[in-house]
Amino acid sequence: QVQLVESGGGLVQPGGSLRLSCEASGFVSSVYRLSWHRQVPGKERELVAEISPDSSTSHYSESVKGRFTISRDNIKNTVNLLMDNLKLEDTAVYYCSAGSYYDWLYWGQGTQVTVSS
């Protein structure tokens, strides 16, 4: 079956760094766009970063641009998010996703990232 499993979340101090990882299985992830989204209670899920199938193109939300880096390994079937200089407002549940040009199709269960002093 199709699975996306996130890992790497946890508690980190402001200014710190954290690496998130997502392992995909049950489908050929190399043909899909991959992404990281995040969501906080009471707000809609927002796109944080996305990456093209061949890693040639990446896009970031304005709030994380310059601080977060998305990468993928099509052999390992993984997508990662390196988060640097974390801020309090980065606190959220982070989800990885796979999709087509038109929509996001598959989602992981999410991993909690809490930035607190």
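Structure's up top.
Below is a summary of the structure that appears in this document. None of the values given here were measured: they were computed from a predicted structure.

**Brief notes about the sheet that holds strand S7 (residues 68-73)**
- Here we have 4 strands laid out as an open sheet, ordered S1-S3-S8-S7, and antiparallel in their pairing. Every other strand in the sheet has two partners, leaving strand S1 (3-7) and S7 as the edge strands with one partner each. Here the average twist between neighbouring strands, direction ignored, is 15°.
- As defined by bridge partners, S7 adjoins strand S8 (residues 78-83) across 6 bridges and the pair is classed as antiparallel. What sits directly across from Ile70, in S8, is Leu81.

**Section: unusual backbone geometry**
- Unusually for a residue other than glycine, Ser55 sits at a positive phi of about 70°.
- A relative accessible area of 35% means that Ser55 is categorised as partly exposed.
- For Asn77, which is not glycine, the phi torsion reads 65° and is therefore positive.
- Mapped onto the elements, Asn77 comes out in the loop between S7 and S8.

**A look at the packing of aromatic side chains**
- Under the definition given, this model contains 4 aromatic pairs.
- Considering the side-chain rings of Phe27 and Tyr106, the 4.8 Å spacing of their centres and the 50° angle between planes classify their relative orientation as tilted. With Phe27 in the loop between strand S3 (18-25) and strand S4 (33-39) and Tyr106 in strand S10 (residues 104-107), the pair connects residues that are 79 residues apart, well separated along the chain.
- Judged by relative accessible area, Phe27 falls into the buried class, the value being 12%.
- Given a relative accessible area of 24%, Tyr106 falls into the partly exposed group.
- Taken together, the aromatic side chains of Phe27, Tyr32 and Tyr106 make up a single cluster linked through ring pairs.
- Over the ring of Tyr95 we find Arg45; its NZ or CZ atom is 3.6 Å from the centre of that ring.

Thresholds, definitions, all that
Residues numbered from 1 in each chain as written. Predicted model: local features only at pLDDT ≥ 70, side-chain atom pairs only at ≥ 80, totals over all residues. Heavy atoms only, no water. Pairing = 2+ DSSP bridges. Helix = DSSP H or I, 4+ residues; strand = E, 2+ residues; numbered from the N terminus. Axes fitted to C-alpha atoms, helices over the stretch in contact; angles between N-to-C directions. Buried < 20%, exposed > 50% of the residue type's maximum accessible area, 1.4 Å probe, protein only. Phe/Tyr/Trp six-rings, centres within 6.5 Å; stacked < 30°, edge-to-face > 60°. Lys NZ or Arg CZ within 6 Å of the ring centre and 35° of its normal.

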